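Observations on the three-dimensional arrangement
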Amino acid sequence: MDTCDKCGKPQIIINRKQSGQMLCQDCFIKFIQEKVLKDIRRQKLIKKGDKVLVALSGGKDSVMVLHILNSLRNRRIIDLVAVTIDEGISGYREDGVRIAAQNAEALGIKHRIISFKECVGRTLDEIMVDSDDRNACTYCGVFRRWILNQVAREEGATKIATGHNLDDETQSILMNYLEGNIHNLTRIGVQSESMYEGFTVKIKPLREIPEKEIATYVLATDLPVHLAGCPYAGDSFRAKIGTFLKEISKEHPTIMYSTLRGFDKIKPVIKEKFSQKGSMDICQECGEPSAGKICKACSFRLSWNHE
Amino acid sequence: MQVTVIIGEDEKKLDVNEGKTVKNLLQMLEIPVETVVVKKNQSIIIEEEPVEDGDIIEVIKVIYGG
């Protein structure tokens, strides 16, 4: 019978093929918590006195971020606020919003729920009824970033923490390589590096944790999480790349780490050569930072007024 | 031997040959092992865990595309 590599207990809950480590439930939970906190320290993602806004969807990744960062809040190192964006996806989002609220309440963390309907004027479902040329992820990503950035300023947050995991990050790297989006590659990293005023720094504390380990962690710790797939994700390019990476990881369990490490090494060179500088403006509609006269979120909103 | 398999709200009894593992069971059910966490008799287990007569196996889908 297999036993835990750390304590020798017989009941194993994970076989970490990338390291050959087998761990029992207690040792796995401790290992993950320590790993995330160590990554935060090593990469200087958070400093004492930060107010961190957690983008809390209620899914496994953001719930885990909230709970681990709460250990820093309990030690009075940081302050936390949780923000859930209700995109308006009927039959899917309601459970996530409820579970997000449940987690924030259990920890006594201030929680705000902000809907696309109130901020943008339409739910994502309504947007998609009239849209045939773009996929839902485009609108969702643009509006979510737009809303989070505004709320972060309202709340006086110094960082925005998201639940991006190792799978998400390696998917982004590979997608942008394959599509030749070199400019997008310059923006991938453990924390955003925008020099422009008005942008709150975004951090990814789970960037080195595989998605399956996050799922195992939330189940092992019995955290309430929303385990469901977004109905709009469908057969996206990201989903195809994700499936490919998971498939190839079976034979090459360290492949996602090596993709990430290799990318982090060449990023400074790509950034120096391809980063677009000095073109940031203020959106004439909403006052948010923008690459042009009108930001992407407002250009979508204005296009609806013309319909 | 027979095991009970719970997937979401669906529960069924399955006949399984002796000496099979959770991984074999998932293959039988055509469920990709990398997208699920499995509990045996309410405890999380690894895919190499043997399946025994009377086990209750809960397959929890945790990874979705997109």
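All values reported here derive from a predicted model rather than from experimental measurement. (Residues numbered from 1 in each chain as written. Chains lettered and ligands numbered in written order. Predicted model: local features only at pLDDT ≥ 70, side-chain atom pairs only at ≥ 80, totals over all residues.)

**Topic: the overall build of chain B**
Along the backbone of chain B there are 1 helix and 5 strands. If you list the helices and strands of chain B from N to C, you get β-β-α-β-β-β. C-alpha atoms of chain B, sized along the principal axes, occupy 40 × 25 × 20 Å. Expressed as a percentage of the 66 residues in chain B, the buried residues total 24%. Sequence separation of 24 or more characterises 53% of the internal contacts of chain B that already satisfy a separation of 6 or more. (Helix = DSSP H or I, 4+ residues; strand = E, 2+ residues; numbered from the N terminus. Buried ≥ 20, exposed ≤ 12 C-beta atoms within 10 Å, placed from the backbone. Contact = placed C-beta atoms within 7 Å.)

**Notes on the confidence of the model for chain B**
Scored by pLDDT, chain B has a mean of 93; 97% of the residues are at 70 or more. At the level of chain-chain contacts, confidence expressed as ipTM amounts to 0.95, with global pTM at 0.94. (pLDDT = per-residue confidence, 0-100.)

**Considering helix H12 (residues 296-305) of chain A**
Note: α-helices contain 3.6 residues per turn, so residues at a spacing of three or four share the same orientation. Residues and elements named next belong to chain A. If you check which residues of H12 are buried, you get Ala297, Cys298 and Phe300. Take H12 and look down its axis: the buried residues cluster within an arc of 155 degrees, on one side only. For H12, exposure combined with an orientation more than 90 degrees from the buried face picks out Leu302 and Ser303. (Arc of directions from axis to C-beta.)

**So, the sheet that holds strand E7 (residues 201-203) of chain A**
Residue and element names in this part refer to chain A. Read from one edge to the other, the open sheet built from 5 strands follows the order E5-E4-E3-E6-E7, with strand pairing classed as parallel. The sheet is open, and its two borders are formed by strand E5 (110-115) and E7, each paired with just one other strand. Across this sheet, the average inter-strand angle for adjacent strands is 30 degrees, counted without regard to direction. Here 6 bridges tie strand E4 (residues 79-86) to E5, and the two strands are oriented parallel to one another. Residue pairing across strands places Thr84 opposite Ile113, the latter belonging to E5. Along the sheet face, helix H3 (residues 93-107) touches E4 and E5 and points at about 165 degrees away from the line of E4. (Pairing = 2+ DSSP bridges. Axes fitted to C-alpha atoms, helices over the stretch in contact; angles between N-to-C directions.)

**Observations concerning the domain arrangement of chain A**
Residues and elements named next belong to chain A. The domain boundaries assigned to chain A delineate domain 1 (37-276) and domain 2 (280-307). The C-alpha centroid of domain 2 is placed 23 Å from the C-alpha centroid of domain 1. The interface is formed by 12 residues belonging to domain 1 together with 8 residues belonging to domain 2. In terms of residue count, the dominant contributor to the side of domain 1 that touches domain 2 is helix H6 (residues 136-155) (6 residues). Classifying every residue of the side of domain 1 that touches domain 2 by side-chain character gives 7 nonpolar, 4 polar and 1 charged. (Domains from an automatic or database assignment. Nonpolar A, V, L, I, M, F, W, Y, C, P; charged D, E, K, R; others polar.)

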